[in-house]
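# Topology and contacts: notes
Each chain, letter by letter, is given below.
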Amino acid sequence: MILDGKCPTGPIEQTWDKHRFDLKLVNPANKRKYSVIVVGTGLAGGAAAASLGELGYNVQAFCYQDSPRRAHSIAAQGGINAAKNYPNDGDSIYRLFYDTIKGGDFRAREADVWRLAQVSNNIIDQCVAQGVPFGRDYAGYLDNRSFGGAQVSRTFFARGQTGQQLLLGAYSALSRQIKLGSVKMYDRREMLDLVVVDGVARGITVRNLVTGEIESYAADAVCLATGGYVNVFYLSTNAMGCSVTANWKAHKKGAYFANPCYTQIHPTCIPQAGDYQSKLTLMSESLRNDGRVWVPKKKEDCGKHPAEIAEDDRDYYLERKYPSYGNLAPRDIASRAAKEQCDDGRGVGPGGRGVYLDFADSIKRLGEDTIRERYGNLFEMYEKITDENGYKRPMRMYPAPHYSMGGLWVDYNLMSNIPGLFVLGEANFSVHGANRLGASALMQGLADGYFVIPYTIGGYLATVKPGQVKTDHPEFKKCEEDVTAEQNKMLGINGKKTVFEFMREVGGLMWENCGMARTKESLETNLKKIPALREEFWKNVKVTGSGSELNQQLENAGRTADFLEFSELMCKDALHRNESCGGHFRSEYQDAGEAQRDDVNFCYVGAWEYKGADKEPELHKEPLKFDNVHLAIRSYK
């Protein structure tokens, strides 16, 4: 099937404005008749629930945490992009659009990316009005810093806590609507199924994580804003609770999963310390503004204290390989370059899996107080974890799984191929292509929640009669029975291996064979081992306790079962795409270490349809057209 993204036509500068005008409207009095479910309360979900509640819709918001404030968006550090051009250094909406298309290695939709760039400026105004304490310069104006993949400073920030501050802004707006009664908040609920009636999304089935009760909720539309899936690698920068479950359940109900092999490895993370570590810690890409990345030129110097290595014996490899962008090369390129140095035997720290991020030159030029003002909390975090002072000794960094560019397929309205199911933020595939530029995740989440979905969901609801399906419909009961049966099956196995043993094993397979680099052979190895591991899981996993109580083992077992299925699809997607692009690096397709795209055969979005257990998924394609940006070899040299 050739998919239609429903992108508007005409001059791209006018597409979003024209599309908004063409959308059907729901008048204010009628909005009260419609109900909307929003799953996830991070930046995308929190902003969407607050905005839809403000418009007058009846919103039911769900999160598995004990508070919306604990959504993983809180962990974002470095900043949020916008094309304000406050530094007067040549930025514009078009340049942000161009940088994002190029950064994604020409694998994103032009129309979606243009809209993102266009509304970026509105996001900053919105957040300032909410009281988000963005960094300011000496005169009191909003300050900017640089991020990878751009030659202008367009990133707004709140020290190294930008995600936290933006989330508190969205949470304040959400709390206001909860107080007014337009949003009803359901915390400690995990979505375990999507209810589809006659091909239309009509509600969700959740587990109350405190009582164990299986509950169902109905609405006229469902919005998934449930984040990404890089915990498929087990160790990642994501919170332990982040999973693929909500997206995967929707996929099994018919939603297409687009580009699952597009995952991002972040170049600046604290290296793994041991085999039983539960997660990895991100260090903001903003550190690469003032920190220089290097490794020893000689292998025999790797064990020395960095102060003992002379300047001439240091390889500032990003500055050497990519002089135009230097230490601010895009994440996929910087990550592969770090791996290349370590594979060459010039990595530092335990196991040789690390590179230095050195602030000595910046401290000498600007003073330690200035560096402390810009990044102080990041240095504190690094020292607490490593017991090393980053002001006195270069930090050690190594790439780690961080972000999902793939996600459920959506059209220009953010609606999946299932009518009534909308997907926002990292949970959709929409704007990042094969690689996300730093500081663009927060931009996308807030753009979708504040400025896109309030318009596009109205265009859908205007065509729907409110309240057509209630929770007494037989499909809700069937979903509850299916969820209960699967949980009882896991509880009844009583095997000998823990859930985390299975998760570590599948994560290890994915990291080694489908991580920073993939090959035909490594992917085929996974496609043999993962089904066998999944079969073992359903025969030998041990989940203690019961389903009628708080049971985190049961929660994690369900998430692991979904990862064991999803990981196979991810490998199939990576295997079918015989090219390298962005974060998808097939070692067979490279030119002197750089990704080698195949625009003739793979310039499309690959969207997979679930056909049933033990059946091959079906691939659908949405061709990508580039009318405003010329398809070119991506170069940062």
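In the block above lies the structure referred to throughout.
Everything quoted here is computed from the prediction, not taken from an experiment.

A separate point is the nonpolar core. The biggest cluster of nonpolar side chains holds 145 residues, and the ones touching the most others in it are Ile80, Leu194, Ile204 and Leu421. Per element, the largest residue contribution to this core is 11 residues, and it comes from helix α12 (residues 441-461). When neighbours within four sequence positions are excluded, Ile204 is seen to be in contact with Ile37, Val39, Phe62, Met191, Asp193, Leu194, Val195, Glu215, Ser216, Tyr217 and Val222.

On to the sheet that holds strand β8 (residues 214-218), then. Read across the open sheet, the 3 strands follow the order β6-β7-β8; overall the sheet is antiparallel. Every other strand in the sheet has two partners, leaving β6 (189-197) and β8 as the edge strands with one partner each. Ignoring strand direction, the axes of neighbouring strands in this sheet form an average angle of 25°. The sheet contact formed by strand β7 (residues 200-208) and β8 spans 5 bridges and is antiparallel. From the neighbouring strand, Ile204 faces β8, where its bridge partner is Tyr217.

Before going further, it helps to spend a moment on the packing of helix α5 (residues 110-130) against α12. Look at α5 against α12: their axes get within 9 Å of each other, and the N-to-C directions meet at 85°. In terms of orientation, α5 lies roughly perpendicular with respect to α12. Residues Arg115, Leu116, Val119, Ser120, Asn122, Ile123, Gln126, Cys127 and Gln130 of α5 lie in contact with α12, whose contacting residues are Met443, Gln444, Leu446, Ala447, Tyr450, Phe451 and Val452.

Let's shift gears to the environment of Ala400. For Ala400, the location among the structural elements is in strand β15 (residues 395-404). A sequence separation of 134 residues divides Ala400 from His266, and the C-alpha atoms of the two residues are 5.3 Å apart. Not counting residues up to four positions away in its chain, the partners in contact with Ala400 are Thr237, Gln264, Ile265, His266, Cys269 and Leu280.

Bringing the pattern of salt bridges into the picture now. Counted by the stated rule, this structure contains 57 salt bridges. A salt bridge links Asp332 to Arg336; its shortest N-O distance comes to 3.6 Å. Of this pair, Asp332 and Arg336 both sit in helix α9 (residues 331-343), 4 residues apart, which is roughly one turn of that helix. Neither Asp332 nor Arg336 differs from the other in exposure class; each is buried. As a salt-bridge pair, Glu609 and Lys611 come within 3.9 Å of each other at their nearest N and O atoms.

Quick notes on the rules
- Residues numbered from 1 in each chain as written.
- Predicted model: local features only at pLDDT ≥ 70, side-chain atom pairs only at ≥ 80, totals over all residues.
- Heavy atoms only, no water.
- Core = buried A, V, L, I, M, F, W, Y, C linked by side-chain atoms within 4.5 Å.
- Buried < 20%, exposed > 50% of the residue type's maximum accessible area, 1.4 Å probe, protein only.
- Helix = DSSP H or I, 4+ residues; strand = E, 2+ residues; numbered from the N terminus.
- Contact = heavy atoms within 4.5 Å.
- Pairing = 2+ DSSP bridges.
- Axes fitted to C-alpha atoms, helices over the stretch in contact; angles between N-to-C directions.
- Parallel < 35°, antiparallel > 145°, perpendicular 65-115°, else oblique.
- Salt bridge = Lys/Arg side-chain N within 4 Å of Asp/Glu carboxyl O.

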